[in-house]
Amino acid sequence: MSSDRRANLTILINGSPTSVSVAPDRTLLLLLREDLGLVGTKYGCGRGECGACTVHLDGKAVYSCLMLAAECNGRAVTTIESLGGLGEGGSTHPLLSAIVEEDALQCGYCTPGQAMSILALLEARPNPTDEEILETLEGNLCRCGAYPGLVRAARRAAMELRAGGAPAAAMPGPSRSKKG
Ligand code: FES
Ligand code: FES
């Protein structure tokens, strides 16, 4: 099949309607990273095995390397950038703060994907058990072994969000199915 037949799409990305023109085989991951410069979403395996590319599509955690951009037309995509930064002057989502405070990362490559998976869980389960957190993290590989810190961070963020910490503006909804 020729990849010359580009499609014009409008996708709600982090709350902003975004018009793009893409080849039929363009993945959501490459659209985000290469066309839109949203490089917080990481390219790991590129085949649905590592979770580094996790974003939310209409509120569900998905592997963006397995999604075609064309499948996202008219839908809402939320990326790690929606959680704010850690620097001065901006608002930082309680989950990002918790990840840092609980020392839940080493190299950090898996962290955006981990955060987006945890966020989907916390939307569905504001007070998750450790088992539920671990089950969620099964879809996100961490070579550095940061899982104990991630569980603590998820617990801490859940507590802070229940106590009234401000969620991200584009915080998506509940369910989670990464294989789309
Ligand atoms: S890059 Fe590994 S699951 Fe998408
Ligand atoms: S912190 Fe290095 S891969 Fe997870």
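The structure we're discussing is the one just above.
As a starting point, this report considers the structure included with it. (Residues numbered from 1 in each chain as written. Chains lettered and ligands numbered in written order. Predicted model: local features only at pLDDT ≥ 70, side-chain atom pairs only at ≥ 80, totals over all residues.)

What about the overall build of the chain?
Here is step 1 of the chain: When helices and strands are tallied, the chain shows 5 helices and 5 strands.
Here is step 2 of the chain: Across the chain, helices and strands are ordered from the amino to the carboxyl terminus as β-β-α-β-β-β-α-α-α-α.
Here is step 3 of the chain: Split into buried and exposed, the 180 residues of the chain put 43% on the buried side.
Here is step 4 of the chain: Put simply, 62% of the contacts in the chain that link residues at least 6 apart link residues at least 24 apart. (Helix = DSSP H or I, 4+ residues; strand = E, 2+ residues; numbered from the N terminus. Buried ≥ 20, exposed ≤ 12 C-beta atoms within 10 Å, placed from the backbone. Contact = placed C-beta atoms within 7 Å.)

Remarks on helix α1 (residues 28-35)
Here is step 1 of the chain: What α1 keeps buried is the set Leu28, Leu29, Leu31 and Leu32.
Here is step 2 of the chain: Summarising the contacts, the buried residues of α1 are in contact with β2 (16-22) and β5 (76-78).

As for the pairing of strand β1 (residues 7-13)
Here is step 1 of the chain: Sheet analysis places β1 next to β2, joined by 7 bridges and oriented antiparallel. Bridge pairing in β2 links alanine 7 to valine 22.
Here is step 2 of the chain: The antiparallel pairing of β1 with β2 creates a hairpin that spans 2 residues between the two strands, and asparagine 14 there sits at a positive phi of about 50°. (Pairing = 2+ DSSP bridges.)

Looking at unusual backbone geometry
Here is step 1 of the chain: The residue asparagine 14 is not glycine, and still its phi comes out positive at about 50°.
Here is step 2 of the chain: One non-glycine residue, aspartate 58, lies in the positive phi region at around 50°.

Some remarks on the sheet that holds β5
Sheet strands pair via backbone hydrogen bonds, and the direction of the pair is either parallel or antiparallel.
Here is step 1 of the chain: Taken together, the 5 strands give an open sheet; going across it, the order is β2-β1-β5-β3-β4, and neighbouring strands pair in mixed fashion. At either margin of the open sheet sits one strand with a lone partner, and together these are β2 and β4 (60-63). Averaged over all adjacent pairs, the angle separating strand axes in this sheet is 40°, with direction ignored.
Here is step 2 of the chain: Here strand β3 (residues 54-57) runs beside β4; their pairing, made up of 4 bridges, is antiparallel. Counted as the bridge partner of valine 55 is valine 62 from β4. (Axes fitted to C-alpha atoms, helices over the stretch in contact; angles between N-to-C directions.)

So, the nonpolar core
Here is step 1 of the chain: Core analysis: the biggest nonpolar cluster contains 47 residues, and Leu28, Leu95, Ala115, Ala154 and Ala157 have the highest contact counts within it.
Here is step 2 of the chain: Mapped onto this core, the elements with two or more residues apiece are β1, α1, β3, β4, α2 (94-101), α3 (111-124), α4 (130-137) and α5 (147-162).
Here is step 3 of the chain: When residues of this core are sorted by domain, at least three fall in each of domain 1 (7-82) and domain 2 (83-162).
Here is step 4 of the chain: Aside from chain neighbours lying at most four places away, what touches alanine 157 is Pro94, Leu95, Ala98 and Leu122. (Core = buried A, V, L, I, M, F, W, Y, C linked by C-beta atoms within 7 Å. Domains from an automatic or database assignment.)

Overview of the packing of α2 against α5
Here is step 1 of the chain: Running from N to C, α2 and α5 point in directions that differ by 140°, and their axes come no closer than 8 Å. By the angle class used here, α2 and α5 are oblique. At the point where α2 passes α5, the crossing takes the right-handed sense. Across from Pro94, Leu95, Ala98, Ile99 and Glu101 in α2, the residues of α5 making contact are Ala153, Arg156, Ala157, Glu160 and Leu161.
Here is step 2 of the chain: Looking at the contact of α2 with α5 residue by residue, the class counts come to 7 nonpolar, no polar and 3 charged. (Parallel < 35°, antiparallel > 145°, perpendicular 65-115°, else oblique. Left-handed = near helix turned anticlockwise from the far one by under 90°. Nonpolar A, V, L, I, M, F, W, Y, C, P; charged D, E, K, R; others polar.)

That's the geometry; what it means functionally is another story.
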